[in-house]
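The primary structure of each chain is shown beneath.
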Amino acid sequence: MDLHGKVAVVTGSGRGLGLGYARALAAAGAAVVVNDVDQDAVDAAVATITAAGGRAAGVVAAVGDSAAAEELVDTAVREFGRLDVLVTNAGILRDRVLWKMTDEDFDDVVRVHLRGTFTCARAAAVRMREQGTGGRLVLISSPAGQRGNFGQTNYAAAKAGIVAMARTWAMELGRAGITVNAVVPVAATEMTKTIPAFAPVIEESERTGSPLPDWLRKDEGLGTVEDVAGLITFLASDASDGVTGQAIGIGGDRLALWAHPKEKAVAFADGGWSADMIAALWQGGVGAEAETYGIPAPQAPVA
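By convention here, each chain's residues receive numbers from 1 onward along its written sequence. Selection of residues for local features in this predicted model requires a pLDDT of at least 70, selection of side-chain atom pairs for listing and counting requires 80 or more, and totals for whole chains, interfaces and linings are taken over all residues. Heavy atoms throughout the structure, all of them, feed into the side-chain values; hydrogens and water do not.

Let's talk about the sheet that holds strand S3 (residues 55-60)
Now for step 1: Strand pairing is assigned whenever DSSP identifies at least 2 bridges connecting the two strands. Only runs of H or I of at least four residues qualify as helices and only runs of E of at least two qualify as strands under DSSP, and these elements are numbered from the N terminus. Taken in spatial order, the 8 strands make up an open sheet running S3-S2-S1-S4-S5-S6-S7-S8, and their pairing is mixed. Bordering the open sheet on either side are S3 and strand S8 (254-257), each of which pairs with just one other strand. Strand after strand, the sheet turns through a mean of 20° between neighbouring axes, direction not considered.
Now for step 2: The pairing of strand S2 (residues 31-36) with S3 spans 6 bridges and is classified as parallel. By the bridge assignment for S3, asparagine 35 is matched with valine 59.
Now for step 3: Whether two residues are in contact is decided by their heavy atoms, any of which lying within 4.5 Å being enough. Axis lines are fitted through C-alpha atoms, for helices just across the contact stretch, and the angle between N-to-C directions can take any value from 0 to 180 degrees. With respect to the sheet, helix H3 (residues 66-80) is in contact with strand S1 (7-10), S2 and S3, its orientation differing from that of S3 by roughly 150°.

Some points on the layout of surface pockets
Now for step 1: Cavities and pockets are defined on a 1 Å grid built over the protein atoms alone: a cavity is a set of grid points where a 1.4 Å probe fits but cannot escape, while a pocket is an open set with protein on both sides within 12 Å along at least five of seven lines, and lining residues are those with an atom within 4 Å of any such point. Grid points are joined across faces, edges and corners, and a volume is the space filled by probe spheres set on the points. What the second largest pocket holds in volume is close to 400 Å³.
Now for step 2: Residue lining of the second largest pocket: 16 residues in total, with Gln146, Ala259, His260, Pro261 and Glu291 positioned closest to the centre.
Now for step 3: Counting residues per element, the ones that place at least two in the lining of the second largest pocket are helix H5 (143-147) and helix H6 (153-173).
Now for step 4: Residues are grouped as follows: Ala, Val, Leu, Ile, Met, Phe, Trp, Tyr, Cys and Pro are nonpolar; Asp, Glu, Lys and Arg are charged; every other residue, Gly included, is polar. Of the residues in the lining of the second largest pocket, the class split is 6 nonpolar, 4 polar and 6 charged.

Considerations on the packing of helix H1 (residues 16-27) against helix H2 (residues 39-51)
Now for step 1: Between H1 and H2, the shortest axis-to-axis distance is 10 Å and the interhelical angle comes to 25°. As judged from the angle between their axes, H1 and H2 are roughly parallel. Crossing of H1 against H2: the hand is right-handed. On H2, the residues touching Leu19, Ala22, Arg23 and Ala26 of H1 are Ala45, Thr48 and Ile49.
Now for step 2: Split into classes, the residues belonging to the contact of H1 with H2 amount to 5 nonpolar, 1 polar and 1 charged. Here the angle decides the label: under 35 degrees means roughly parallel, over 145 means roughly antiparallel, 65 to 115 means roughly perpendicular, and every other value means oblique. Each crossing gets its hand from how the near helix is turned against the far one by less than a right angle, where anticlockwise is left-handed and clockwise is right-handed.

Thoughts on empty space enclosed by the protein
Now for step 1: Scanning all chains against the criterion turns up 1 cavity of 30 Å³ or more.
Now for step 2: Space inside the largest cavity adds up to approximately 30 Å³.
Now for step 3: Val9, Ala69, Leu72, Val73, Leu83, Leu86, Cys120 and Ala124 are the residues that line the largest cavity.
Now for step 4: When contributions to the lining of the largest cavity are tallied by element, the ones reaching two or more residues are H3 and helix H4 (103-131).
Now for step 5: Considering only residue class, the lining of the largest cavity consists of 8 nonpolar, no polar and no charged.

As for the packing of H1 against helix H9 (residues 225-236)
Now for step 1: Two elements in contact, H1 and H9, have axes separated by 8 Å at closest approach and are oriented at 50°. Put simply, H1 runs oblique to H9. The chirality of how H1 crosses H9 is right-handed. Contacts from Gly16, Leu17, Gly20, Tyr21, Ala24 and Leu25 in H1 reach Val225, Val228, Ala229, Ile232, Thr233 and Ala236 in H9.
Now for step 2: Classifying every residue of the contact of H1 with H9 gives 9 nonpolar, 3 polar and no charged.

Looking at the pattern of salt bridges
Now for step 1: Between Lys or Arg on one side and Asp or Glu on the other, a salt bridge is scored when a side-chain nitrogen of the former is within 4 Å of a carboxyl oxygen of the latter. Enumeration according to the criterion identifies 14 salt bridges in this entry.
Now for step 2: Of the charged contacts in the structure, one is a salt bridge between arginine 115 and aspartate 65, with a shortest N-O distance of 3.7 Å. Here the residue arginine 115 occupies a position in helix H4, and aspartate 65 occupies one in the loop between S3 and H3, the gap between them amounting to 50 residues.
Now for step 3: Take arginine 115: its relative accessible area is 38%, and that puts it in the partly exposed class.
Now for step 4: Linking aspartate 84 and arginine 82 is a salt bridge whose minimum nitrogen-to-oxygen distance equals 2.9 Å. Exposed residues in this analysis have more than 50% of their type's maximum accessible area, buried residues have under 20%, and partly exposed residues fall in between, with area computed by a 1.4 Å probe over protein chains only.

No statement about biological role is implied by the geometric values presented.
Set out below in C-alpha cells:
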C-alpha cells in the first residue's frame, strides 16, 4: 500500500496500538504526527520511525480540549504541508462497577475517548475541507462499545458513541470526499494481558517468540499489534475510497464487518400498546429471541 505524499495524525501513538498504527503508516510512506502525554514516549516513537527511514514529528498533549486538537492539525500542516488522515486512538481506562464509579472516573474517560475524538475530528475536518482533496478519519472503537463490558460503563459508552459519530460524520463529510470509519481492534496489549484466559498464553508467546495459538488468533480474533495495523493503512489509502460509515473489526486472523443496530422483531396493535398487551405478547412475540449482551468470556480449548 502506497501512502507517499499523505500526512497522518495518530493520537495516543507513543506506545501500544497507536505506535503500531503510526509505524505502519510511516512504513507505507506517510508522514506522521505522533502524539502522547509522555514526552519520552513521543521522542522514542519519532526516533523509531525516522530511524526506519520514515518522516515523523511529535506533539505532547492530552486530547480532549480544542487547543490540543488544533495543535495536532497545525503541526501536521507546519511540518509536512497538509493533513490527509486522522487516527483517533488516544484513550485511558478507569474501570469500576457502576455503584463504585465516581464522577471523575466517568468524566475522565469520556473526555479523552469521546470528546477527544470529537475535537480532533472537527479540527481535521475543517482542514480537510479547506484543502478540498478529501481525507480519511479513522476512529478507534472497541468490542466493549459494541456489546458492553462488565466494569466499563464509561469506556463502553464512549466507544459506542464513537461508532455513532462515525456514522453521522460519514453522512456529513461525504460530499467533501472525506471517509469516516470506526475500527474495532483486538490485540495483545498491556490491557488484554490482564484477562486471565489470555495472560499466560500471551506471556508464553512473548517469552518464547512463538506465534499465538489458532484458538486465540481465529476463535477470539486476538493477535499482535501488527495484525491490526494493516486495516489502518488500508483505510488511510486511496484503495478504501467509498468505504465509509462502517464499523470494522480486526484482530489475529479475523477481519469482520460489524452490523449496525436494526429492528430485529416487530409487532403491531391497532390503537397502540398497553402494558398488559406487551406483557401478554412479549415472551412469545417480539421478545422471544432476546439479544445477548456483554463480551463473551474467552474459552481456551480443553487439552
